[in-house]
Amino acid sequence: LDTDDILTVKNINQYVIDTLNSEIEYKYYNTGNNLELKQIINGYKGVIYGSYIKTKEGIKVIEFNSRFGDPESINLFELMETDINEIMINMFSKTLDKIGIDFKNEYSLCKYIVPEGYPCNSVKDSEIFIEDVNHDKLIFSSVELKGDQYIQKGSRILAYVCIGNNLNDLIKESESELKKIYGLIHYRNDIGRDIFNLILTNTN
């Protein structure tokens, strides 16, 4: 990515936010529902992030999300040093520009384990086995604990998240730890491989 790509993405995000607020303002002046007025009067407050892809024709939008369970959000939260409560309070009061949001100057890597067949034909209600994995680095999602059994429920099962100063080490760590998890599961072992090869071949 270059600077122009990042600026393009920023402008698209801003356009979407402005359009949301324009729609809210339009509803505010064209509704007779007092309850709805109370819900929309202050405009959009929250988190939004776009999923983009760079093509030969430039930056394209894949989708927008505002949920915290996606890897994009998880990586940011792992690196964020500012208290999320402070961010939310200032977001609500429209004073977010009064505080600084700080992040650790490190790498973050997040990998999800999913059921076999995910996302279209996921295996459900099968047991997964977690052996000697650091639970502090696991974020459980679509999984239920029954007694001492972990039963996956058909969507993304759990995320393994690690941070550090050496990306190569994070790639190796995630591969080593995820191999300790067994069951009718799948995960991407190609994530980071291109970066790993780049590190090996680039003396800079």
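Here we summarise the structure given alongside this text. Fair warning: this is a prediction, and the values are worked out from it, not measured in the lab.

Turning to the sheet that holds strand E10 (residues 185–186), a few remarks are in order. Here we have four strands laid out as an open sheet, ordered E5-E8-E3-E10, and antiparallel in their pairing. For this open sheet the edge positions go to strand E5 (138–140) and E10, each flanked by a neighbour on one side alone. For strand E3 (residues 107–115) and E10, the ladder comprises two bridges, and the chain directions are antiparallel. Bridging from a neighbouring strand, Pro-115 pairs with Ile-185 of E10. Packed onto the sheet, helix H3 (residues 71–79) meets E3, E5 and strand E8 (158–164) and runs at close to 140° relative to E3. Contacting E3 and E8, helix H5 (residues 167–178) crosses the sheet at an angle of about 25° to E3.

Glancing now at helix H4 (residues 84–92). For H4, every residue scored as buried is listed here: Ile-87, Asn-90 and Met-91. Here the buried residues of H4 occupy an arc of 105° about the axis, which is enough to place them on one side. Opposite its buried face, H4 presents the exposed residues Ile-89 and Phe-92, each directed more than 90 degrees away. Between a side-chain oxygen at the N-terminus of H4 and the backbone nitrogen of Asn-85 the separation is 3.0 Å; the capping residue is Asp-83.

With that out of the way, let us pick up the pairing of strand E6 (residues 143–146). Here E6 pairs with strand E7 (residues 149–152) via four bridges, running antiparallel. Note that in E7 the partner of Lys-146 across the bridge is Gln-149. Linking E6 back to E7 in an antiparallel pair, the connection comprises two residues, with Gly-147 at a positive phi of about 65°.

Counting through the fold element by element, His-135 comes out in the loop between strand E4 (126–130) and E5. For His-135 and Tyr-160, which are 25 residues apart along the polypeptide, the C-alpha to C-alpha distance reads 8.8 Å. Residues in contact with His-135, not counting those within four places in the same chain, are Ile-130, Phe-140 and Tyr-150. A polar atom in the side chain of His-135 sits 3.0 Å from the backbone oxygen of Val-133.

Cut-offs used in this document
Residues numbered from 1 in each chain as written. Predicted model: local features only at pLDDT ≥ 70, side-chain atom pairs only at ≥ 80, totals over all residues. Heavy atoms only, no water. Pairing = 2+ DSSP bridges. Helix = DSSP H or I, 4+ residues; strand = E, 2+ residues; numbered from the N terminus. Contact = heavy atoms within 4.5 Å. Axes fitted to C-alpha atoms, helices over the stretch in contact; angles between N-to-C directions. Buried < 20%, exposed > 50% of the residue type's maximum accessible area, 1.4 Å probe, protein only. Arc of directions from axis to C-beta. Polar contact = N/O pair within 3.5 Å; in protein donor to acceptor, adjacent residues only side chain to side chain.

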